[in-house]
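# Structural overview
Residue-level listing of the chains:
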Amino acid sequence: MQPSGCSTARVVEGGLGGFGGGWVPDPYDSFMRSHLRYYGYFRGEPWPRWGPGQKAGGQKSPMSPGIPSEQHPTEATAPGLLEPAPSAQRRGTPLPSARHRGSPGEPRALFALPSAWGPLPAPRWPIECEVIEETIEHIEWVPPEPEPFCQPTGPHWAPATLGEEHGTVVYHLSPAPQGSCFTRARIGGAPGPLSSPAAPLEGPQDTTLLFESRFESGNLQKAVKVGPYEYVLMLRPDLYTAKHTQWFYFRVQNTRRGPLYRFTIANMAKPKSLYGEGMRPLFYSQRDAQSRSIGWRRVGADVRYYRGSSGEEPAAFRLSWTARFPHDGDTCFFAHSYPYTYSDLQRYLRALAGDPVRSRYCAVRALCRSLAGNTVYLLTITSPTGAAAKRAVVLSARAHPGESGGSWAMRGFLDFLLSADADAQLLRQLFVFKVVPMLNPDGVVVGNSRCSLAGRDLNRAYGTALCSSFPGVWHLRAMVERVLAEREVVLYCDFHGHSRKNNVFMYGCDGGGAGLRLCQRIFPLMLSKNAPDKFSFPSCKFKVQKSKAGTGRVVMWRMGVSNSYTMEAAFGGSTLGGRSSHFTVEDLKSLGYHLCDTLLDFCDPDPAKFQQCLSEVDALLRQWLGREPGSGGSWSDVSPSELESSTSGSDSSVSNGSPAHLRGLAWPLEQGRRKRLRSRRVRNALRRTNAVYQSRASVPVRLGPSRTCRQPALPSTPRGGSVAGEEPRAGSSMTFPSAARAGAGRHAAMGRSQLDGGTSAVSHRRPPLSIPHPGVTAKHIVKVDGRAGLFKGLTPRLCSSAIGTVVHGKVLQRYQEAEQAEPGASKKEPVSSLEQVLKETSREMVARSAATLITHPFHVITLRCMVQFIGRETKYSGTLSAFATIYREEGVLGFFAGLIPRLLGDILSLWLCNMLAYLINTYALENGVSTMAEMKSYSQAVTGFFASMLTYPFVLVSNLMAVNNCGLAGGLLPYAPTYSSWLDCWSQLHREGNMSRGNSLFFRKVPAGKRYVWEERRFR
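Please read these numbers as outputs of a predicted model, since none were measured by experiment.

With that settled, consider the confidence of the model for the protein. Scored by pLDDT, the protein comes out at a mean of 75, with 67% of its residues at no less than 70. Note on residues 39-114: pLDDT under 50 across the span, and 288 contacts to partners over four residues away in sequence or across chains. Considering only residues more than four positions removed or in separate chains, one finds that residues 663-675, a stretch of pLDDT under 50, has 25 contacts.

If you want it as structure tokens, here you go:
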């Protein structure tokens, strides 16, 4: 959340790990990208070289075209099964059978989340951010009485002298270095011990407050004590920017009950705020929550919002308020709006996954991964039948992380839509809902107000081709493109918050003919009738300004979604219906219900409501223009400027343009003014440069084994044929780190997660795509983790070998002792007889099975220790602690994950080896030849090699199940789906033709028609 004093990490070639900006940074990815570039994998184009601090590349993520991603979880469909893109169907690519695909419109089984009882995936933080270990959670509570606005005091009063030079700094976090950009992310943020930003107390009588904001969504950079009970606070700007200071959320401790405290935030960015109109900050007391079940409430007197000193540049505005704490020694929080964190969303989705009723018609998928590697979730909600005739509804929220009210409205929408209410059931029968509840998880995690980790406003980036920098909005737009190709999208709505106007209202898009101009105002008007005490139709705006061309509503409208809106819920409250009070959490959640209710009214087959609202809109617009009702005349000759003033949305020009990590590039396409060129050579050079940049905004569409053509990136199918909401279908990208550490293709197989696709993207004039052999991978591991990295998991591996050898020997010894004790033991059958071979093989089978059964927990720990390389985790740092962790999280069964396929593979391999050797020695080799005895001695080794190849799929499935859904990044999306059983894993790999992946150590080529998770995630 807050930057620590650590320096920005060195940027490897390729920026974010080398595979594009949208995914978990990993030096290994840089190596892979360089290696694949060597083989000409990048669409036949030269890959640009970026300077330090810059990022490039792109990311592919599973995306859904709407209906094909909605299979019912009860179908016998593997969780990771992908549907082919429409373009693949047109090309005649073989499609999975209906039995494999499931019926259209039915949501598939949940797999993108951990189990309902497993640990939540921990948020990933930029490495500049320090994070405390405490988990911050708050109870939900609704005040029994409305919380009125305070009396506006006006901006005339200002504190006398405020500043660090006149006080004592009691809390200070070092900001991110000037001009820095996002480079890496990890769970837990900055490595190493935490610093101590708060000044220590001098004794029990010291009344200084202890501030803290290094937790999820927290924002406070500095606190200066300028009086006994007066503090001046400074907010941290959005990470990797110097702008956007609005959201605040921090903790205070060492409180005193009696005194009146004054807090002044001295660097607010906006010249106007609802604080100047009576809005009050939010306050939370842990002691009140524990003893009285009281949650967030509005506090503060003498609330003022005013401009700072006139000499400040740029101008800063100040928010000041006074408050009394209810208890001594309490732990309290202040916030700009009701916090709703990324972990809150994950907890909600986990509860959804564990609900057997709601999960039947709601599928949770990953739309993509954010820059830091946090999952951007996509929910598909619909009933399991009648999908072909359904229209679609697309909703999104939290493009701006500081507008937490959008998440509460989305929460209310989901609660109602997934309920047993008759209207909710009707909605699920009529529509397919595509919901992205949190578009900017990175910004939410670090406590930004407006921007993502690219340092740019996502709600101005919907038109961008920079998938790697803005993955959430890029994949959302691509998903809507694919839904539009199959069905009508009746509504798109993006949930936001507003800091300068009270009530709830919408921004729409005014365009088209006279009929469309009126129709686009009908949905907001209906919503105002359904929520008359919250929604203000006169506050709605429909003018499309040039500065808003990159917003979600405008881009979706231009794509063909006629009813495309941004819903703004004020940070303050409502002045409608006789109320003048703040919004509560329940008020915000009720917006979701009202949206559902309005959707039913809007799509009612009976046109009476629609026609009535159409007449009202016509009358309101005529009244606005001073025309007589029923006077006739067309609306097509009236410009939008005549109907309304410009929208009062936020001016986000400071966060438009290229992302922060591309500031140093001279983008010719973004230059506003061009100087006259002096020569033809310079003009030609510029044309060539422009052609390169334009080519990056497109993606190849495969037409055959060796032909490609280009079309715009967003409408096309991403390379590999994956679609939004769909996911890598096998294993995890733990391939090469594990392969180097395990020394074979066993773990290489675990990482090659293939995606459905067409022909190979490698040009027919270039050599086939090659995957590095373990020697190259080992060199990379040494570079990242040192030589010790090659020996991760060695201790449990040695324990497994030692214990297994002892158990194996003991079992065989018992058989020998029992045989000697039998009468007539001296009479031995010939060694070459079939009976003797069967007896010895049976004994060996029992001995090996016993050793495998006892040592399998060490085998599981070994694999998980190696898989930690992917997410840079330290969860399994020691053998004993690993036993405790597995038992605590998974119980006894966790020690035997993947045991059954491992046992079956060992038994089949043993019998195949011995029986083949017996047949060869008995019938193929003649004893009369002098060299036959020596040749027979090698037959066992040869048959063992072939037997291991035939039973390799059992080894692959066992290794995958050992790390599946264990809480490590390598066992979770996008590296791996969640398999319900080893049979599920087997059937999925079999359908993909993927049973032998990783079986070769050195001659490892990418088969034509296959796509791997590291390609889909990062290459663009």
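The subject of this paragraph is helix α19 (residues 774-785). With 12 residues, α19 extends 16 Å from end C-alpha to end C-alpha; this agrees with the ideal 16 Å at 1.5 Å per step. Within the span of α19, buried status applies to P774, T777, A778, H780 and I781. The arc that holds the buried residues of α19, viewed along the axis, is 160°, so those residues lie on one side. Within α19, the exposed residues directed more than 90 degrees away from the buried face are K779 and K783. Among the residues trailing α19, G786 stands out with phi positive, at a value near 80°.

With that out of the way, let us pick up the nonpolar core. When a protein is soluble and globular, its nonpolar side chains tend to lie buried together. In this structure, F211, F334 and L476 are the most contacted members of the largest nonpolar core, which totals 149 residues. Top contributing element to this core by residue count: helix α13 (residues 585-602), with 8 residues. Beyond its immediate stretch of four places on either side in the chain, F334 contacts F248, Y249, F250, V252, F263, L282, F283, W296, V299, W321, A323 and F325. By size, the runner-up hydrophobic cluster in this structure holds 15 residues, among which are V860, Y876, A882 and L968.

So, on to helix α11 (residues 522-530). Counted residue by residue, α11 has 7 buried out of 9 residues, so it is predominantly covered. Of all the positions in α11, only I522, F523, P524, L525, M526, L527 and S528 are classed as buried.

Before going further, it helps to spend a moment on unusual backbone geometry. The residue S217 is not glycine, and still its phi comes out positive at about 70°. Within the element layout of this structure, S217 appears in the loop between β6 (210-212) and β7 (222-227). Phi is positive for N254, which is not a glycine, with a value near 65°. Inspection of the secondary structure puts N254 in the loop between β9 (249-253) and β10 (261-268).

Extensive coverage of strand β17 (residues 375-381) is indicated by the burial of 7 of its 7 residues. Of the two faces of β17, the one carrying T375, Y377, L379 and I381 and the one carrying V376, L378 and T380 are both buried. Relative to β17, strand β16 (residues 362-369) is paired through 7 bridges, and the arrangement is antiparallel. The residue of β17 that forms the bridge with R369 is T375. Adjacent in sequence and paired antiparallel, β16 and β17 are bridged by 5 residues, among which G373 carries a positive phi angle near 95°. Relative to strand β19 (residues 431-436), β17 runs antiparallel, the two sharing 3 bridges. Bridge pairing links L379 to V435 in β19.

Let us look at the packing of aromatic side chains. Inspection of every chain in the model, using the stated rule, returns 38 aromatic pairs. Consider the rings of F215 and F333, whose centres lie 6.0 Å apart with planes at 80°: the pair is edge-to-face. Taken together, the positions of F215 in the loop between β6 and β7 and F333 in strand β15 (residues 332-335) put the pair 118 residues apart, joining distant regions of the chain. We note that F215, like F333, is buried. Judged by centre distance (5.7 Å) and plane angle (40°), the rings of F250 and F334 are tilted. One end of the pair, F250, is in strand β9; the other, F334, is in strand β15, with 84 residues separating them in the sequence. Accessibility expressed as a relative area gives 0% for F334, which makes it buried. Taken together through their ring pairs, the aromatic side chains of F211, Y229, Y231, F248, F250, Y261, F263, F283, W321, F325 and F334 make up a single cluster. Across the ring face of Y361, the terminal group of R428 is positioned such that the distance to the ring centre comes to 3.9 Å. For K501, the ring lying beneath its charged end belongs to F505, and the centroid distance is 4.2 Å.

On to the sheet that holds β9. Strand order in the open sheet formed by 5 strands is β6-β9-β15-β11-β12, and the pairing between neighbours is antiparallel. Strand pairing shows two members of the sheet lacking a second neighbour, β6 and β12 (297-298), which therefore form its edges. With 4 bridges connecting them, β9 and β15 associate as antiparallel partners. Bridging from a neighbouring strand, R251 pairs with F333 of β15.

Rules used throughout
Going along each chain's sequence as written, the residues are numbered from 1 onward. Since the coordinates come from a predicted model, pLDDT governs what is reported: local features require at least 70, and pairs of side-chain atoms require 80 or more to be given and counted, while whole-chain, interface and lining totals use all residues. Side-chain metrics in this entry use all non-hydrogen atoms of the structure; hydrogen atoms and water are not considered. A score between 0 and 100, pLDDT records how confident the predictor is in each residue. Contacts: residue pairs with any heavy atoms within 4.5 Å of one another. Elements are defined by DSSP. Helices are runs of H or I of four residues or more, strands are runs of E of two residues or more, and each kind is numbered from the N terminus. Residue count minus one, scaled by 1.5 Å, sets the expected span of a helix. Buried means the residue's accessible area, taken with a 1.4 Å probe over protein chains only, is under 20% of the maximum for its type, while exposed means over 50%, and partly exposed covers the values in between. Here the arc refers to the directions that run from the helix axis out to each C-beta atom. Among the buried residues, those of types Ala, Val, Leu, Ile, Met, Phe, Trp, Tyr and Cys that are joined through side-chain atoms within 4.5 Å form a nonpolar core. We treat two strands as partners when DSSP finds at least two bridges between them. Any Phe, Tyr or Trp ring, taking Trp's six-membered ring, that has another such ring centre within 6.5 Å forms a pair; planes under 30 degrees apart are called stacked, those over 60 apart edge-to-face, and the others tilted. When the NZ atom of lysine or the CZ atom of arginine is within 6 Å of a ring's centre and also within 35 degrees of its normal, the charge is said to sit over that ring.

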